[in-house]
Amino acid sequence: MKNFLLLLTFIPMFMKAQEKYTINGYVKDAANGEALIGATVLIEDLGTGNITNVYGFYSITLPPGEYSVLYRYVGFVSQKRKVSLTENTRIDIELVEEQTQLEEVVVTAEPEDENVTSTEMSVAELDIKTISKIPVFAGELDILKSIQLLPGVSTVGEGASGFNVRGGSVGQNLVLLDEAPVYQSSHLFGFFSVFNPDAVKDIKLYKGGIPANYGGRLSSILDIRMKEGNIKEFDVSGGIGTVFSRLTLEGPIKKDKASFILAGRRSYADVPIKLFTDVLDDGAGLYFYDLTAKANYNIDSKNRIFASGYFGRDVFKFDEQQGFNWGNQTASIRWNHLFNDRFFSNFTAFYSNYDYAFEFGNTDDDQFDWSSKIRTLNFKPYFTYFPDQKNEITFGGEILYYTFFPADAIGFTSGEPIDLTLDKKKALEAGIYVSNKQKIGDKWNVEYGLRYSYFNHMGPGERYTFGDTLAGIRKPVRDTVDIGSGASIAKFGNLEPRLSVRYQLNDYSSIKASYNRMNQYIHLISNTVAATPIDVWQPSTNNIQPQLGDQVALGYFRNFNKNQFETSVEAYYKWTRNQVDYIDGADLFINELLEADVLSGIGRAYGLELYVKKNSGRLTGWLSYTLSRSELKVDGINTGLNNEFNEGRWYPTRFDQTHNLKIVSNYQLNDRKNLSATFSYITGTPTTYPTDRIQVAGYIIPVNDGSRNNVRIPDYHRLDISYTIDYNWVSKKGKQRSSSLVLSVYNLYNRKNAFAINFTQDEQRVRYNQINNLVLPSERVQTKASQTSILFFVLPAITYNFKF
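Counting restarts for each chain: residues are numbered from 1 in the order of the written sequence. For a predicted model such as this one, the threshold for reporting local features is a pLDDT of at least 70, and the threshold for listing and counting side-chain atom pairs is 80 or more; totals across whole chains, interfaces and linings nevertheless cover every residue. The side-chain quantities take in all heavy atoms of the structure and omit both hydrogens and water.

A few words on the side chain of Arg 225. Runs of H or I in DSSP of at least four residues are treated as helices and runs of E of at least two as strands, each being numbered from the N terminus. Along the chain, Arg 225 turns up in strand β17 (residues 220-226). Residue contacts follow a heavy-atom distance rule, with two residues in contact if any of their heavy atoms lie within 4.5 Å. Excluding anything up to four places from it in sequence, Arg 225 contacts Ile 37, Val 54, Tyr 55, Asp 178, Glu 179, Val 200, Lys 201, Asp 202, Tyr 214 and Arg 334.

Structure (structure tokens):
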């Protein structure tokens, strides 16, 4: 009894010794109230800390005591707070942007050693300040063009929509704008992205080591976060350029409580043409426009709501009755809620619609109209729990509802209508996940997680069963079953493990490794040289299985000269299953039996990525080099001759590029003038050439021995430069004003890069033997190869940017 009483005496003391408290809050920009993503919160006494999430929130749990807390973000003045931690403490910090001296100019918005100390690898990030210095097409800031200058990211050439990551196709990238999917990321056939840089705050591309909260695509996740809008004061910014102009309005709805941002762009190549020529008088046009909007409201210290939207469209009309158009619309509503000091949550609901159409015909009596779209509704809860300074647990889920409209088509022949419309399709996709970021001692950081994904292609619709045939031949229909509304045509479920590991060698170097498995349940159906805005999305069925991919990566990261130089080397290997390709002569357009023309195979992509970046000084920039291969193996494709069972051999994908070199340099001439240049060299992409020819009645019939992508077009290289003059002044009311004049030249040395190679024969007919009607031996039909170049000239441009 005496011992028991003694134990009771010490229990409160023991409990007090084990008690811990939490420091949490938000880190923001003092000038406009924007959350600073990835800001470092360092407990100097312990040499440990955390970074802010995508909403600028942080949480650190510690034993009671006296601590020195350092808040830092590159390009901003650090702040230090002394904290006597005797209870849970809320500290919201606003950092002031520093006025850097010329020799201290930096080109990164991350902590200086983030590339070495973080667990993340195979991640590419660029901030808007860096993008603004990069020479791009027509002198306009562009997010997609800029990320293509980083390792592992490429495109098949000018005029190609989207981008390719580590040997994946355009349709294997998930592009998110404030968490809503954007199915077409390009304006003007790939020359510009749909994202207005004036409205964008953060850009993050995951090429590998993808966290468990992301899913749905095989190759990459491009997560773009919009600005919230200046919560302090009203701002007007924009630009007037050679191709388009833009205008952005932002400011407080209620100071320090609510804000908005509204950004719009419109191209106007058609305007001067209409003024000076009659080319467009019959209704022709070529232009795009987009509008981005967002508002947010701080309800109280634990609740904040956001609403954002995007609307954009491209119009390409040959005349009043013929042409293309396509566009995205998205809307998102989000609610941030703090359950307590350690428990953060976000709830998002979004709507996304991508529609595209074309029409042809000279009269109403002879006309063809076609349109298609994919509509998505989504709800996703996201939770983060901070149990202590060594763990950060994330869990949540999402549910998506798809509606596919493959073809709404009608044709008129001599006034008689022909309805070619295909039935719409519906599908449900869901996922749940849990992951943990864990610090193990001083050297090891690990992030591990598991995601379960589920897909159900639902009726009403038809489930087709096809008969066996030789690989590469259109499959015959054996059976058709009508599936009622809500019943399942096909359903799938898969586990997706994720793992990232970092071992800290010393203060300036580390080794990282990662593994992720991804599943993709919807497929972009395209067999063109490059993806186009009118390619169709198709859900998985009993005949088209979900694509599955595994990727491993290993990297060495090292900084030099007090983080002035960043370097990294990453090697990756990706193997995939159920890759989609098509039989020769496949009918992909308005085909109710599309599944009969689709083939399935395996894929592999592997490579080495080198990256060297100089962060500070007058001369900044980076060098990016990727050595890689991307291949497919599909029975019925690349079979060669005398292959009895049409077994496929490995062949390079259309976007395979062996060498990809990018050099970006920025030289600060003085505090107002900047000179920039980019150089690109890329191995020519594969294409299919005839291997022989047959001459019949004076005409050449090209013949291929079954090879796919058997040659490469000429290598691609290009040099761009820009010269920027900045103007900064203070208004009479003491407000900082700025503007800049950008002079740029795209394709400086007038390189005519090949997009495709076409073969034609001479128009002159050959002579025949009058006796046997055969071509005379001396008469051989001449053929020639001609190169198609999308951009075949030097393009100078001038842009004036302003912020008032």
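Additional details are given in the paragraphs that follow.
Moving on, we get to unusual backbone geometry. In the segment running from Gly 459 into Pro 460, the intervening peptide bond is cis, with an omega of 10°. Along the chain, Pro 460 turns up in the loop between β29 (444-458) and β30 (461-466). At Asn 638, a position not held by glycine, the phi torsion is positive, near 55°. Backbone geometry places Asn 747, a non-glycine residue, at a positive phi of 65°. By the secondary structure assignment, Asn 747 is in the loop between β48 (736-746) and β49 (756-761).

This part takes up the sheet that holds strand β5 (residues 65-72). Adjacent strands of a sheet form backbone hydrogen bonds with each other and so pair up, either parallel or antiparallel. The pairing criterion for strands is at least two bridges between them, as found by DSSP. Pairing is antiparallel across the open sheet formed by 4 strands, whose spatial order is β3-β2-β5-β6. A strand with exactly one partner marks an edge of an open sheet, and here the two such strands are β3 (48-51) and β6 (79-85). Pairs of neighbouring strands in the sheet enclose a mean axial angle of 20°, with direction left out of account. Pairing between strand β2 (residues 40-43) and β3: 4 bridges, direction antiparallel. Residue Thr 40 lies in a different strand from β3, and its bridge partner there is Ile 51. Each axis is a line fitted through C-alpha atoms, taken for helices only over the stretch in contact, and angles between the N-to-C directions span 0 to 180 degrees.

Among the structural elements, Lys 512 can be located in strand β33 (residues 509-520). Partly exposed residues are those whose accessible area sits between 20% and 50% of the maximum for their type, while under 20% is buried and over 50% is exposed, using a 1.4 Å probe and protein chains only. A relative accessible area of 1% places Lys 512 in the buried class. C-alpha of Lys 512 to C-alpha of Lys 673: the two residues are 161 residues apart in sequence and 39 Å apart in space. Between N or O atoms, a polar contact is any pair within 3.5 Å; within protein, one atom must be a potential hydrogen donor and the other a potential acceptor, and residues adjacent in sequence are included only when both atoms are from side chains. Among the polar contacts made by the side chain of Lys 512, one reaches the main-chain carbonyl oxygen of Asn 115 at a distance of 2.7 Å.

Right, let's get into the nonpolar core. Ile 147, Phe 163, Phe 195, Ile 203 and Leu 222 are the most contacted members of the largest nonpolar core, which totals 30 residues. Of all the secondary-structure elements, those providing two or more residues to this core are β9 (123-126), α3 (128-131), α4 (143-147), β12 (173-177), β16 (200-206) and β17. The contact partners of Phe 195, leaving out residues within four places of it in the chain, are Ile 143, Leu 144, Val 175, Leu 177, Val 182, Ser 185, Val 200, Ile 224 and Arg 265. What makes a nonpolar core is a set of buried Ala, Val, Leu, Ile, Met, Phe, Trp, Tyr and Cys residues whose side-chain atoms join them at distances within 4.5 Å. Counting residues in each nonpolar core, the second largest holds 23 residues, with Tyr 183, Phe 324, Tyr 356 and Leu 400 among its members.

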